[in-house]
Structures are given as structure tokens and as C-alpha cells.
Amino acid sequence: MITTVTLNASIDKAYVLDGILNPGIVMRVKEVRNTAGGKGLNVTKIVNLCGQPVLATGFLGGFNGKYLEFLLEQDQIASQFTWVQGETRSCINILEDKFSSTEFLEPGFTVSAEEELAFLDNFRQLLDQTNIVTISGSLPKGVSPSIYGTLIAETKAAGKRVILDSSGASFKEGLLAKPTMVKPNQEELEALFDVTISSTENVITYGQKLVDQGIEYVLISLGGEGAVLLHAGKVYQGRPPKIDPVNTVGCGDSMVGAFAVALERNYSPVDCLKFAIAVGTANALSPFTGNFDPEILDNIHAQVTVEEVK
């Protein structure tokens, strides 16, 4: 089973407009879509769609938390969250005509030290029944910046594999515990090393620095250009077919979910990369975040190319 960690979950609201966003006036929303959100829950939905057993964990609170749990149940996704005082946040994605996207992300509740300890106890109990743990997204207020490092260390001590997809201080702390895999995008790689990256060669150079820190798989997403994977002394570059994206929110999370599924199925590194790119691309063709059409996925997967570049 794959366990997904989402410490700063949300109710994601997609507001679909007929035209373009025009600040300062009243605007009518054509359609509203409510989904269980947060980067880790996007991963969860992808794993579930791929047909792999998955369990979601993290923090929830209040009426929004109950609603989020209900939305997962509708998708037949198992969950075991730690409940906290406060209200699970909402995040709004405004989709304009031609699907330009503007996001408003609430900060979320504050977690107490006692609630953090309760979550850690809950997490340890889940390790016996899982093979791969994915850890995604930002931290709620009050949570120790070192928590990702703690989760990674405990997962590895239990003999399980762990994927980290985060940014900022929590990402740096998590790297110290040497997760099995990380998935920064180019901007996150630039922020981590305080550099400007202008070429694929630069991407590989700084990806190698993560490998040198003891990371087994380094997957760097490059948007519509695909992704680069560094593993076992080799570098692979994968490219998707050209598409007209519908909604690019959650494509990186979709790659994480697909890569976790591929690892669970013991795919080769090349096939892991190909599958991850295909699922991320298929997600971009769905109006829903953390979603894909299986027929579209099969068609895209057949068109993804992977070459060894080093």
C-alpha cells in the first residue's frame, strides 16, 4: 500500500468563468467544483485512479475537514487523519476563458505541539501496512520545520521507501534525512541552491548535487518539456507529446503519484519516468485536479519518449 501525507490539506474550489477575470467588479461564476485538495491529496487521487491501494493521512479540522473526509469517501479512498482544533482551509482556483488560472491559497490552521505528537503516533502505526510513503506540500502554522525529516527517518528505519515533494525550509530539512526520491521543479531547484538555471545541462548539474547528498531518485519536472531523472549514475530525459493543456494545476503531484505507483510495481527507472510524465500530461488535459482519463493516458503514454543523456 502507498500512504500519502498531507499536513496542510484543503477544500479546493475551482471557479470556472465564461470570460476573463476582471478585478474590482462583481463576476458570476459559471461552474464550481469542490475537491479534496492539497498536494498530497492530489497524489492520493492519482494513486487511486491508477488502481493501487492508498491511504491518506495528515491533519484535518472543523466542518471543512468533515467535508473533505466525505469527498474522499465518495472516491472510495481510505483515510486516517489526526483531528485538530481549527478549520481546514479552502483554496480557490479561478479558471478563466481559455483556462488561464489564478489561485488563492489560504494559510490554514495552527497545529499545537500536542496535536503534532498525536499525528506522529498515528503515522508510526500506519508504517506496518505501507510500502511507500509520499510527503507533499507546505506545513501548517505551528508544525516543526523538522517534521518531514522525522517522517522520512522513521519511514526508512521501518524499511520502507519515501518520496518528498516540498519546498523551502521543510524541503531542506527533509533532504538531510535522505528520502528515496525527491521531485523539485526547476523553480524549486533554483530556490534551493540560490541560482538561476538556464539550460537542461544546469538542471542536471544541480540535480546531481541532490544525488550526491544520498538521494536515490531525483526527478526534476520541466512543465511541458517533460522531466529529467537521475538514478544510479545515469541521467534520463523524458518528453511528452505536445498538448493544449486544460488545467495544469496538480501536474507535478500527478507525477509524484504515478512515480510512487511505478515504484510499487517495480518498474525500471525508464518506465517509472515514462509513466510519471504520461500521467502528469494526462492530468493537464482534465478540468479536475489529480485526475485523468484512462484512454487519454494510454494514448499519451505511447507517445512519451525517454532517452539516456548521460
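Residues numbered from 1 in each chain as written. Predicted model: local features only at pLDDT ≥ 70, side-chain atom pairs only at ≥ 80, totals over all residues. Heavy atoms only, no water.

1. With respect to the overall build of the protein
- Within the protein, the regular secondary structure consists of 10 helices and 15 strands.
- The globule rule puts the C-alpha radius of gyration for 310 residues at 19 Å, and the 19 Å found for the protein is close to it.
- In the protein, buried positions account for 52% of the 310 residues.
- When contacts within the protein are restricted to residue pairs at least 6 apart in sequence, long-range pairs at least 24 apart make up 65% of them.
- Just so you have it, the protein exposes about 13400 Å², and 50% of that area is on carbon and sulfur atoms.
- Within the protein, the 36 negative side-chain charges are centred at a point lying 2 Å from the centre of the 24 positive side-chain charges. (Helix = DSSP H or I, 4+ residues; strand = E, 2+ residues; numbered from the N terminus. Rg over C-alpha atoms; globule rule 2.2 N^0.38 Å. Buried < 20%, exposed > 50% of the residue type's maximum accessible area, 1.4 Å probe, protein only. Contact = heavy atoms within 4.5 Å. Areas by Shrake-Rupley, 256 points an atom, 1.4 Å probe, with all protein chains shown as cover. Lys, Arg positive; Asp, Glu negative; His and termini not counted. Charge placed at Lys NZ, Arg CZ, Asp CG, Glu CD.)

2. Brief notes about unusual backbone geometry
- Of note in this structure, Asp 194 is not a glycine but carries a positive phi near 55°.
- Relative to the elements of secondary structure, Asp 194 occurs in the loop between helix H6 (186–193) and helix H7 (200–212).
- For Asp 194, a relative accessible area of 71% corresponds to the exposed category.
- The backbone of Ala 232 sits at a positive phi, close to 50°, despite the residue not being glycine.
- Locating Ala 232 in the fold gives a position in the loop between strand E13 (227–231) and strand E14 (234–239).

3. Things to note about the packing of helix H1 (residues 39–49) against helix H8 (residues 251–264)
- Taken N-terminus to C-terminus, the directions of H1 and H8 make an angle of 50°; their axes are 8 Å apart at the nearest point. In terms of orientation, H1 and H8 fall into the oblique class. Note that H1 runs across H8; the crossing there is right-handed. Contacts from Lys 39, Asn 42, Val 43, Ile 46 and Val 47 in H1 reach Asp 253, Ser 254, Val 256, Gly 257, Ala 258 and Val 261 in H8.
- By residue class, the composition of the contact of H1 with H8 is six nonpolar, three polar and two charged. (Axes fitted to C-alpha atoms, helices over the stretch in contact; angles between N-to-C directions. Parallel < 35°, antiparallel > 145°, perpendicular 65-115°, else oblique. Left-handed = near helix turned anticlockwise from the far one by under 90°. Nonpolar A, V, L, I, M, F, W, Y, C, P; charged D, E, K, R; others polar.)

4. Looking at the sheet that holds strand E8 (residues 101–105)
- Overall, mixed pairing links the four strands, which are arranged E3-E2-E7-E8 in an open sheet. Of all the strands in the sheet, just strand E3 (31–37) and E8 have a single pairing partner and so form its edges. In this sheet, neighbouring strand axes are inclined to one another by 20° on average, regardless of whether the strands run parallel or antiparallel.
- As defined by bridge partners, strand E2 (residues 10–16) adjoins strand E7 (residues 89–95) across seven bridges and the pair is classed as parallel. Bridge pairing in E7 places Asp 12 opposite Cys 91.
- Against the sheet, helix H2 (residues 62–74) touches E2, E3 and E7, its axis set at about 90° to E3. (Pairing = 2+ DSSP bridges.)

5. Thoughts on the state of the cysteines
- Enumeration over the complete set of coordinates arrives at zero disulfides.
- Residue Cys 91 stays outside any disulfide, its sulfur separated by 17 Å from that of Cys 251, the closest cysteine.
- No disulfide involves Cys 251; its sulfur sits 14 Å from that of Cys 50, the nearest cysteine.
- Residue Cys 251 is classed as buried on the basis of its relative accessible area of 16%. (Disulfide = S-S within 2.5 Å.)

6. A short note on the side chain of Thr 180
- Structurally, Thr 180 is set in the loop between helix H5 (168–176) and strand E11 (181–182).
- For Thr 180, a relative accessible area of 9% puts it in the buried group.
- Excluding anything up to four places from it in sequence, Thr 180 contacts Arg 161, Val 162, Ile 215, Glu 216 and Tyr 217.

7. Quick word on the side chain of Gln 52
- With respect to the element layout, Gln 52 can be found in the loop between H1 and strand E4 (54–60).
- By relative accessible area, which is 15% here, Gln 52 ends up buried.
- Of the polar contacts made by the side chain of Gln 52, one reaches the side chain of Arg 265; its length is 3.0 Å.
- Among residues more than four places away in sequence, those in contact with Gln 52 are Ile 2, Val 47, Val 261, Glu 264 and Arg 265. (Polar contact = N/O pair within 3.5 Å; in protein donor to acceptor, adjacent residues only side chain to side chain.)

8. Things to note about the environment of Gly 168
- The residue Gly 168 is located in helix H5 in this model.
- When its relative accessible area of 44% is taken as the criterion, Gly 168 is described as partly exposed.
- Each C-alpha atom of the pair Gly 168 and Ala 191 lies 7.7 Å from the other, and the pair is 23 residues apart in sequence.

9. Concerning the pairing of strand E12 (residues 217–221)
- Burial of E12 is extensive: five of the five residues sit out of reach of the surface.
- Here E12 shows no split at all, with Tyr 217, Leu 219 and Ser 221 on one side and Val 218 and Ile 220 on the other all buried.
- Two strands pair when backbone bridges link them, and E12 and E13 are joined in this way by five bridges, in the antiparallel orientation. Along E13, the bridge assignment pairs Leu 219 with Leu 229.
- Where E12 folds back on E13, the antiparallel hairpin that results is connected by five residues, among which Gly 223 adopts a positive phi of roughly 65°.

10. Here's the deal with the packing of aromatic side chains
- All chains considered together, the criterion is met by six aromatic pairs.
- Here Tyr 217 and Phe 259 contribute two aromatic rings whose centre-to-centre distance is 5.6 Å and whose plane-to-plane angle is 75°, an arrangement assigned as edge-to-face. In this pair, Tyr 217 is assigned in strand E12 and Phe 259 in helix H8, connecting sequence segments 42 residues apart. As far as the burial class goes, Tyr 217 and Phe 259 line up, both buried.
- Put simply, the rings of Phe 59, Phe 119 and Phe 123 pair up and form one aromatic cluster.
- The ring of Trp 83 has Lys 66 sitting right over it, with the charged end atom 4.5 Å from the ring centre. (Phe/Tyr/Trp six-rings, centres within 6.5 Å; stacked < 30°, edge-to-face > 60°. Lys NZ or Arg CZ within 6 Å of the ring centre and 35° of its normal.)

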